[in-house]
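One letter stands for each residue in the lines below.
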Amino acid sequence: MQPKIRKAIIPAAGFGTRMLPATKSIPKELLTIVDRPVLDYIVAEAFASGIEHVIIVTGRMKGAIEDHFDHAFELDTCLRNAGKHPLADRIAQNTPGAGTISFVRQQQARGLGHAVWTARHIVGNEPFAVLLPDMLMVADRPCLKSMVELHERHGGNVIAVERCAPEDAHKFGIVSLKPTAEGPVVTGLVEKPAPGTAPSNLFISGRYVLQPEIFDVLERQAPGAGGEIQLTDAMLTLMEKQAIRSFEFCGRTFDCGMPAGFVAANLHMAAARADLAPYVGIEIEALSLAQRAVA
């Protein structure tokens, strides 16, 4: 029996520079996909995957994230007094229960690996999950849930991977794999390989299940790309002693930290809702007609 994955870290301390100027005063994690902040979807995926305690790593100017996940009794009272009970109930249902969510400050922007390391004392000596807050992964079954089940069968570490076009492999962190009787095992990790040198077209897509030994590695990890503590570098070191398995996610992933992914996510999630799908279809058809007219 493998230890249960009870805790998850969501690193949310970044400046969101790819979404400026929108993120000058609004945390990128609170930019909305239709009518919910993107971080709402990520936290919901964690709890739907059996996570009991979510740890969000924040930084300066990110206090609004804590407020969002708090119980806003003034708003609740106002809505109920106005007879808007369904809306008040929906907000209450999406608010994490007391003690199920914690916040840690990353006082310096030193990279993803450092952000994960700052949560070490809350995680303790047990395996845990990491979910990147701008990677919205949509499927009938939560990506993290499948990864947790893979860990329950085999233990060790698990990373989510997806396929990209071979010519785009230089844009991502690419893995090389070795088939085994228990599924593919990662044999190498390359961050943004030079064009034409990638060992595969499978890229790391923003979900991890890691053993607590990664914290000791991160504490000693020298800065890597961009002068930051890179989680990928620490995983390479960890791989010398522990297996890292891959789970290939076959749903849709939207990088909501960049304009194209953000817009695509909004269109996709709106089109999936019965109350919004007709309007999305009308707008897309109008845009198509306009483009044809210009051509």
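Residues numbered from 1 in each chain as written. Predicted model: local features only at pLDDT ≥ 70, side-chain atom pairs only at ≥ 80, totals over all residues. Heavy atoms only, no water.

Trainee: Looking at this structure, I do not really get helix α10 (residues 259-271). What am I missing?
Mentor: The end-to-end C-alpha distance of α10, which contains 13 residues, comes to 18 Å, matching closely the 18 Å that a straight helix rising 1.5 Å per residue would cover. Listing the buried residues of α10 in full gives G261, F262, A265, N266, M269 and A270. Axial view of α10: buried residues confined to an arc of 160°, hence all on one face. (Helix = DSSP H or I, 4+ residues; strand = E, 2+ residues; numbered from the N terminus. Expected span 1.5 Å × (residues − 1). Buried < 20%, exposed > 50% of the residue type's maximum accessible area, 1.4 Å probe, protein only. Arc of directions from axis to C-beta.)

Trainee: What is the right way to look at the layout of surface pockets in this model?
Mentor: Unfilled space is identified by rolling a water-sized probe across the atoms. Approximately 1,500 Å³ is the volume found for the largest pocket. Lining the largest pocket we find 45 residues, and of these R18, K28, L112, L132 and D134 sit closest to its centre. Only α5 (112-117), β11 (202-210), α9 (231-238), β13 (252-255) and α10 provide two or more residues apiece to the lining of the largest pocket. Per-element accounting of the lining of the largest pocket gives the leading share, five residues, to β11. For the lining of the largest pocket, a count of residues per class yields 20 nonpolar, 14 polar and eleven charged. Quantified by volume, the second largest pocket comes out at close to 400 Å³. Taken together, 22 residues line the second largest pocket, and the ones lying closest to its centre are D40, H68, L75, I91 and T95. Counting residues per element, the ones that place at least two in the lining of the second largest pocket are β3 (36-37), α2 (63-68), α3 (73-81) and α4 (85-93). The element contributing the most residues to the lining of the second largest pocket is α4, with five residues. A class-by-class count of the residues in the lining of the second largest pocket yields ten nonpolar, five polar and seven charged. (1 Å grid on protein atoms, 1.4 Å probe; cavity = no way out; pocket = protein on both sides within 12 Å on 5 of 7 lines; lining within 4 Å. Points joined across faces, edges and corners; volume = space filled by probe spheres on them. Nonpolar A, V, L, I, M, F, W, Y, C, P; charged D, E, K, R; others polar.)

Trainee: Help me out: how do you make sense of the environment of E162 in this one?
Mentor: For E162, the location among the structural elements is in strand β8 (residues 157-163). The exposure class assigned to E162 is buried, which follows from its relative accessible area of 9%. As a C-alpha pair, E162 and I204 span 42 residues in sequence and 6.7 Å in three-dimensional space. Apart from the residues lying within four places of it in its own chain, the contact partners of E162 are M137, N201, L202, F203, S205, F249, G251 and T253. (Contact = heavy atoms within 4.5 Å.)

Trainee: What's the story with the nonpolar core in this structure? I'm lost.
Mentor: Nonpolar side chains tend toward joint burial in soluble globular proteins. By size, the foremost hydrophobic cluster in this structure holds 33 residues, and its most contacted members are I9, F128, I159, Y208, I214 and M235. Those elements that provide at least two residues to this core are β4 (53-58), α5, β6 (128-131), β8, β10 (185-191), β11, α8 (213-220) and α9. When neighbours within four sequence positions are excluded, M235 is seen to be in contact with I159, L189, Y208, L210, I214 and I244. Of all hydrophobic cores here, the second largest spans 27 residues; its members include A8, A46, L150 and V158. (Core = buried A, V, L, I, M, F, W, Y, C linked by side-chain atoms within 4.5 Å.)

Trainee: Just to check I follow, could you spell out the packing of aromatic side chains for this structure?
Mentor: Two measures describe an aromatic ring pair: the distance that separates the ring centres and the angle between the ring planes. Evaluated as defined, the whole model comprises two aromatic pairs. Each ring, one from F128 and one from F215, has its centre 4.9 Å from the other, and the planes form 10°; the classification is stacked. Taken as a pair, F128 in strand β6 and F215 in helix α8 lie far apart in primary sequence, 87 residues in all. You'll find F128 and F215 in the same group, each marked buried. (Phe/Tyr/Trp six-rings, centres within 6.5 Å; stacked < 30°, edge-to-face > 60°.)

Trainee: What exactly am I supposed to notice about unusual backbone geometry here?
Mentor: Note: most residues except glycine have negative phi, and most peptide bonds are trans. A cis amide bond links L20 with the next residue in sequence, P21, at an omega value of 5°. Assignment of secondary structure puts P21 in the loop between β1 (7-11) and β2 (32-33). Despite not being glycine, V34 shows a phi value in the positive range, around 65°. When its relative accessible area of 25% is taken as the criterion, V34 is described as partly exposed. One non-glycine residue, M61, lies in the positive phi region at around 70°. Inspection of the secondary structure assignment puts M61 in the loop between β4 and α2.

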